[in-house]
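Now for the letters of each chain:
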Protein chains: 2
Amino acid sequence: MSLLPSLRAACPNATVWDSTELASRDPGFDARNFGATALVRPVDTTGVAALVKFCAARGLSLVAQGGRTGLTGAAATVEGQIICDLGGLNRVEEIDPFARVAIVGAGTPLSVLQEAAAAHALDPGIDLAARGSCTIGGMVSTNAGGIMAFRNGTMRHRVLGLEAVLPDGSIFSDLTRVLKTSAGYDLKHLFIGAEGTLGIVTRVALRLDPVAGASATALVGVPDAASAQRIVRHFLERTQTRLNAAEILWQRFAAAMNRMLGFAPGQLPLDAPCLLVLELGADSVEAAREALEDGLAAIWEEAGIVDGLIASSVAQAEAIWRLREETEMIERMHHLPPSFDVSVPAGGLDAYVARIEAGLKAIDATYAPYVFGHLADGNLHISINTDGPVPHALHEAIEDVLYEGLQASGGSFSAEHGVGLDKRDAYERHVDPVKQALARAIKEMIDPANVMNPGKIIAG
Amino acid sequence: MSLLPSLRAACPNATVWDSTELASRDPGFDARNFGATALVRPVDTTGVAALVKFCAARGLSLVAQGGRTGLTGAAATVEGQIICDLGGLNRVEEIDPFARVAIVGAGTPLSVLQEAAAAHALDPGIDLAARGSCTIGGMVSTNAGGIMAFRNGTMRHRVLGLEAVLPDGSIFSDLTRVLKTSAGYDLKHLFIGAEGTLGIVTRVALRLDPVAGASATALVGVPDAASAQRIVRHFLERTQTRLNAAEILWQRFAAAMNRMLGFAPGQLPLDAPCLLVLELGADSVEAAREALEDGLAAIWEEAGIVDGLIASSVAQAEAIWRLREETEMIERMHHLPPSFDVSVPAGGLDAYVARIEAGLKAIDATYAPYVFGHLADGNLHISINTDGPVPHALHEAIEDVLYEGLQASGGSFSAEHGVGLDKRDAYERHVDPVKQALARAIKEMIDPANVMNPGKIIAG
């Protein structure tokens, strides 16, 4: 039997697309996603296991895909490969409002879980701009962080348990629903952030948190990141409100976003060297606004605040958030601009940005990066103002500027986007060799035939 | 050269004790801790690596020890083994108040780190009764949880990076200082909770959190755990204060503690079926007390509160906490009572306690467990009112009652004490076989000669 009929026979409840059908579909954020010979969309863990066994027996490799919003090519496929699309496992199976736990299928979009949790005044505690498309399984597999990580941790800190299909088709089932477990090696952490190279995550038990009743948003102009961090520390120390978000936009990024989005000048304080977006949760909107006002007034001089605006309406708060989140505006100005995602230890943000500005200019006098990100955890997103992809040697030179000394200082060359294909060189050049050797040994032990997403993270 | 002189030559900066010296010393919480042939106390990671290489070359096995406060025999040693005492790595190397990060040696006691952090109005976010003795390395190795885990997570969620010596003497160095990293497999999680079987943790980078300015404590009598949980949910939803602790004491435990500690009757509301200890953080003591009063009043009827007391002084708050924390009182009434540490999914606490009361009574009509624990994360500590150790078959029968259905319901037979030697049978009987097989394969790959703490967690 040829491949497609055999696949259909082996996965009776699954949707199967061949390469012709794939070519007519939207591959998501990465044109390489749909290079495979076929896509199979099972509807449950057993179905995924059947697909894995089919592929393992025939020496076919398998690439798991969720919302296809990944930014490092971790879901890219080539001819001969099979896509395991988790879109059929897209159910919020259970919300336990008393235990504050959700059980969800890996293919569930984040926004669907957010809505289901909100019905119980709960929240998954992780939020990111791609919320409408990205899936829980994909977020687990890249250890997504997003806007609230500084307070709630990354995906790794939200996962209580998970179920995954291993490369031999056996099912690793650990749907623990409690936070505290010290019952032997906590092996679920191997699958979190492994980008589908060690197993395919099919179901997840997640912590939920009670949401603050209301919130208020401010946009604050500051001279530098250190000033913005003083403001953040001030609000973190206040127990009467809850800091929901602290996002930073360097001026060049803010100005470009403003141009593209067409906000009227003067409407928002956009001229400062850095802009800080603050969201504060409280028991009422009035309390949140008042606390923002009082807090900013108290820290105004010490932090050297240039200007500030507290959103007086939902529409104004949304305008502030669009300025931060509609980052596809940058991609409208530049075709596939080289983009990066680093974690910088808190004290070093201003020095880091000054260093890369200079280093990039030394490569090309026209280079002027757009920089923005999650201030309270030091996660910066950086795009270069040029069309991509750039030649390999140039890309490496840019990476050298951006990643130099980052690991040694305790930062990370990939904060929340993962390694995939596109950061594999960086991984090989910047990660401790002892760690790389151990990672490779684990990959070879768990997936000796290299069935699962070969060549991602670790060269195959 | 015989063993001791060779050890001293191989580890020139380390303190070395032979078995005679060990016999004259305090072995800590477990009499089995000092059964080894020798103890070596290096002063840095390089010294630990030298000791590991020495042992690996001679086929000697090595058991890491911190504060020797473990409760499952994970640090027990026998003749022929060498103890690697981390007490020489007991420095708070750095507190970065700006980044809210601490770098500490594995042998640092928790209370020492708490004090160093408090000088910057910061806190490691984990607290437990053994704070004066337990060490950061031991807490990492058992994934300790304690009182604040429901809010801040367990040790696993607090560790940003760590350094560990592998069984071949190589050094795994990942002193990441940022929260967000998605740069390949996050292998530090293999060492967290591994009880020293995969490597010896030597240095740790930990998150610190700003502390609430002030707090207030209440003792609340309630009819059952469900009622206590309604109270907790009420306070978790309020953003104007921060719930620091929510501990539950079932009546039998509270009454025994009260008898032993000699509190005068009537002074505290001790007659209810369950007692809830609440600690609320706020910007001032007055605000915390007021929020406790308002919150309890608001939920009083709905939660069916029997009685309540808000501590009006530091001394009274301490008295309430002694009632919860001085659990060695139970050990004064019974010699080595069989003790357990389970996580129960939130909705099932009352049914669980009722079921084990009945099940234990069916084994022995005199059995009446002392039950207390961390309400907000479902972590219960249980001691049986009998002298121990009890015969193996009886112990197993007790475990069957306590652990029945626990894993299947999403709970854990070991919440925060680990597996060690004493819960290995339970591990083998209750953990998913696929998970056990994967754990064993990882142990055999990383430590093929079984140098590191053999026989703990996984039978060697």
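Definitions and limits used
- Residues numbered from 1 in each chain as written.
- Chains lettered and ligands numbered in written order.
- Predicted model: local features only at pLDDT ≥ 70, side-chain atom pairs only at ≥ 80, totals over all residues.
- Heavy atoms only, no water.
- UniProt positions renumbered as here; feature names shortened; annotations may be inferred.
- Helix = DSSP H or I, 4+ residues; strand = E, 2+ residues; numbered from the N terminus.
- Rg over C-alpha atoms; globule rule 2.2 N^0.38 Å.
- Contact = heavy atoms within 4.5 Å.
- Areas by Shrake-Rupley, 256 points an atom, 1.4 Å probe, with all protein chains shown as cover.
- Lys, Arg positive; Asp, Glu negative; His and termini not counted.
- Charge placed at Lys NZ, Arg CZ, Asp CG, Glu CD.
- Buried < 20%, exposed > 50% of the residue type's maximum accessible area, 1.4 Å probe, protein only.
- Buried area = accessible area lost by both parts, 1.4 Å probe.
- Salt bridge = Lys/Arg side-chain N within 4 Å of Asp/Glu carboxyl O.
- Nonpolar A, V, L, I, M, F, W, Y, C, P; charged D, E, K, R; others polar.
- Pairing = 2+ DSSP bridges.
- Axes fitted to C-alpha atoms, helices over the stretch in contact; angles between N-to-C directions.
- Domains from an automatic or database assignment.
- Expected span 1.5 Å × (residues − 1).
- Least-squares fit on C-alpha atoms with pLDDT ≥ 70 in both.
- Left-handed = near helix turned anticlockwise from the far one by under 90°.
- Phe/Tyr/Trp six-rings, centres within 6.5 Å; stacked < 30°, edge-to-face > 60°.
- Lys NZ or Arg CZ within 6 Å of the ring centre and 35° of its normal.

- For chain A, an unreviewed UniProt entry supplies the name FAD-binding oxidoreductase and the organism Mesorhizobium abyssinicae.
- The UniProt entry for chain A carries the following text under Sequence similarities (unreviewed entry): "Belongs to the FAD-binding oxidoreductase/transferase type 4 family."
- Check the Cofactor (unreviewed entry) section of the UniProt entry for chain A; it says "FAD".

### Quick notes on the overall build of chain A
Then, number 1: Helix and strand counts for chain A come out as 17 helices and 18 strands.
Then, number 2: Over its C-alpha atoms chain A spans a radius of gyration of 23 Å, differing by no more than 12% from the 23 Å that the globule rule assigns to 460 residues.
Then, number 3: Principal axes of the C-alpha set define a box for chain A whose edges measure 75 × 55 × 45 Å.
Then, number 4: Here the analysis covers contacts within chain A between residues at least 6 apart in sequence; of these, 72% occur between residues at least 24 apart.
Then, number 5: Taken as a whole, chain A presents about 15800 Å² of accessible surface, with 52% of it coming from carbon and sulfur.
Then, number 6: The positive charge centre, built from 37 side chains, and the negative charge centre, built from 54, are 5 Å apart in chain A.

### Notes on the environment of Val92 of chain B
All names here are of chain B.
Then, number 1: Inspection of the secondary structure puts Val92 in strand E5 (residues 92–96).
Then, number 2: Since its relative accessible area comes to 24%, Val92 is described here as partly exposed.
Then, number 3: Counting along the chain gives 211 residues from Val92 to Ala303, while the straight-line C-alpha distance between them is 44 Å.

### Observations concerning the interface of chain B and chain A
Then, number 1: Contacts between the two partners involve 95 residues from chain B and, on the opposite side, 95 residues from chain A.
Then, number 2: For the pair chain B and chain A, the summed buried area comes to about 7300 Å², and 59% of that belongs to carbon and sulfur atoms.
Then, number 3: Contact with chain A buries surface across chain B, with Lys180, Tyr185 and Thr239 of chain B losing the most and accounting together for 14% of the total.
Then, number 4: If you look at where chain B meets chain A, you find 8 salt bridges.
Then, number 5: One salt bridge in this structure joins Lys180 of chain A and Glu416 of chain B, with 3.4 Å as the shortest N-O distance.
Then, number 6: Contributions of two or more residues to the side of chain B that touches chain A are made by helix H6 (149–152), helix H7 (155–158), strand E9 (171–174), helix H8 (188–191), helix H9 (225–237), strand E14 (274–282) and helix H17 (433–446) of chain B.
Then, number 7: Considering only residue class, the side of chain B that touches chain A consists of 44 nonpolar, 33 polar and 18 charged.

### Side note on the sheet that holds strand E5 (residues 92–96) of chain A
Residue and element names in this part refer to chain A.
Then, number 1: Strand order in the open sheet formed by 5 strands is E5-E6-E10-E8-E9, and the pairing between neighbours is antiparallel. A strand with exactly one partner marks an edge of an open sheet, and here the two such strands are E5 and strand E9 (171–174). Neighbour-to-neighbour, the strand axes of this sheet turn through a mean angle of 10 degrees, independent of strand direction.
Then, number 2: With 5 bridges connecting them, strand E6 (residues 101–105) and strand E10 (residues 200–207) associate as antiparallel partners. Each bridged residue has a counterpart across the sheet, and for Ala102 the counterpart in E10 is Leu206.
Then, number 3: Packing of helix H4 (residues 110–118) onto the sheet brings it into contact with E5, E6 and E10, and relative to E5 it is tilted by some 35 degrees.

### A look at the domain arrangement of chain A
Put simply, an interface is often sized by how much accessible area is lost when its parts join up.
All names here are of chain A.
Then, number 1: Segmenting chain A into domains produces domain 1 (3–88), domain 2 (92–210), domain 3 (214–326) and domain 4 (329–418).
Then, number 2: Using only C-alpha atoms to locate each centre, domain 1 and domain 2 end up separated by 22 Å.
Then, number 3: Contact residues are listed per partner, giving 15 residues for domain 1 and 18 residues for domain 2.
Then, number 4: For the pairing of domain 1 and domain 2, the buried interface totals around 1200 Å² over both sides, and the portion due to carbon and sulfur atoms is 73%.
Then, number 5: Its largest share of buried area at the contact with domain 2, domain 1 owes to Thr45, Val52 and Leu86, together 37% of the area lost on that side.

### Comments concerning the pattern of salt bridges
Opposite charge on two side chains allows them to pair when their charged atoms are near.
Then, number 1: By the definition in use, this model includes 51 salt bridges over all chains.
Then, number 2: Notably, a salt bridge pairs Arg324 of chain B with Glu247 of chain B, separated by 2.6 Å at the nearest N-O pair. Of this pair, Arg324 of chain B sits in helix H12 (residues 314–325) while Glu247 of chain B is found in strand E13 (residues 242–250), placing the two residues 77 residues apart along the sequence. The two residues Arg324 of chain B and Glu247 of chain B agree in class, both being buried.
Then, number 3: A cluster of three or more residues bridged by salt bridges with shared partners is formed by Asp30, Arg32 and Asp422 of chain A.

### Observations regarding helix H15 (residues 392–403) of chain B
Residues and elements named next belong to chain B.
Then, number 1: The end-to-end C-alpha distance of H15, which contains 12 residues, comes to 16 Å, matching closely the 16 Å that a straight helix rising 1.5 Å per residue would cover.
Then, number 2: Along H15, the residues classified as buried are Ile398, Glu399, Val401, Leu402 and Tyr403.
Then, number 3: Of the surrounding secondary structure, the elements contacted by the buried residues of H15 are strand E16 (339–343), helix H14 (349–363), strand E18 (379–383) and helix H16 (424–430).
Then, number 4: Directly beyond the C-terminal end of H15, a positive phi value near 75 degrees is found at Gly405.

### Looking at the relation of the copies chain B and chain A
Then, number 1: Structural alignment of chain B on chain A gives an RMSD of 0.0 Å, achieved by rotating through 180 degrees and translating 0.0 Å along the axis. The superposition operator between the copies reduces to a two-fold rotation axis. When C-alpha positions in chain B are compared against the rotation axis, the closest is assigned to Gln240 of chain B, at 1.9 Å.
Then, number 2: Mapped onto chain A, 100% of the interface residues of chain B again fall at the interface, so both copies present the same surface.

### Topic: the pairing of E6 of chain A
Residue and element names in this part refer to chain A.
Then, number 1: Counting buried positions along E6 yields 5 of 5 residues, so the element is predominantly enclosed.
Then, number 2: Residues Val101, Ile103 and Gly105 point to one face of E6 and Ala102 and Val104 to the other, with burial holding for every one of them.
Then, number 3: Here E5 pairs with E6 via 4 bridges, running antiparallel. Each residue of the ladder has a partner; that of Ile95, found in E6, is Ala102.

### A short note on the packing of helix H1 (residues 3–10) of chain B against helix H3 (residues 45–58) of chain B
Residues and elements named next belong to chain B.
Then, number 1: In contact at an axis separation of 9 Å, H1 and H3 are set at 145 degrees when each is read in the N-to-C sense. Where H1 crosses over H3, the handedness of that crossing is right-handed. Residues Leu3, Ser6, Leu7 and Ala10 of H1 form the contact with H3, whose own contacting residues are Ala50, Leu51 and Phe54.
Then, number 2: Taken together, the residues that form the contact of H1 with H3 break down as 6 nonpolar, 1 polar and no charged.

### With respect to the side chain of Thr217 of chain B
Then, number 1: Tracing the backbone through its elements, the reader meets Thr217 of chain B in strand E12 (residues 214–222).
Then, number 2: If sequence neighbours within four positions are ignored, Thr217 of chain B has contacts with Val277, Leu278, Glu279, Leu292, Leu309, Ile310, Ala311, Ala317, Ile320 and Trp321 of chain B.

### Quick look at the packing of helix H10 (residues 251–261) of chain A against helix H12 (residues 314–325) of chain A
All names here are of chain A.
Then, number 1: The interhelical angle for the contact between H10 and H12, taken along N-to-C directions, is 115 degrees, at an axis separation of 9 Å. Crossing geometry of H10 relative to H12 is assigned as right-handed. Across from Phe253, Ala254, Met257, Asn258 and Leu261 in H10, the residues of H12 making contact are Arg322, Leu323 and Arg324.
Then, number 2: The residue inventory of the contact of H10 with H12, partitioned by class, reads 5 nonpolar, 1 polar and 2 charged.

### What about the UniProt feature "domain: FAD-binding PCMH-type" (unreviewed entry) in chain A?
Then, number 1: The sites that carry the UniProt feature "domain: FAD-binding PCMH-type" (unreviewed entry) are, in the present numbering, residues 32–211 of chain A.
Then, number 2: The span residues 32–211 of chain A is 23% helical and 25% strand by assignment, and the distance between its end C-alpha atoms comes to 38 Å.

### A short note on the packing of aromatic side chains
All names here are of chain A.
Then, number 1: All chains considered together, the criterion is met by 8 aromatic pairs over all chains.
Then, number 2: Between the aromatic rings of Phe253 and Phe372, the centroid separation amounts to 4.1 Å while the plane-to-plane angle is 15 degrees, which identifies the pairing as stacked. Residue Phe253 is found in helix H10, and its partner Phe372 is found in strand E17 (residues 370–374); the two are separated by 119 residues along the sequence. A single burial state applies to Phe253 and to Phe372, both of which are buried.
Then, number 3: What links up through ring pairs into an aromatic cluster is the set Phe340, Tyr403 and Phe413.
Then, number 4: If you follow Arg41 out to its NZ or CZ, it ends over the ring of Trp17, 4.8 Å from the centre.
Then, number 5: The ring of Phe54 has Arg58 lying over it, and the distance from NZ or CZ to the ring centre is 3.8 Å.

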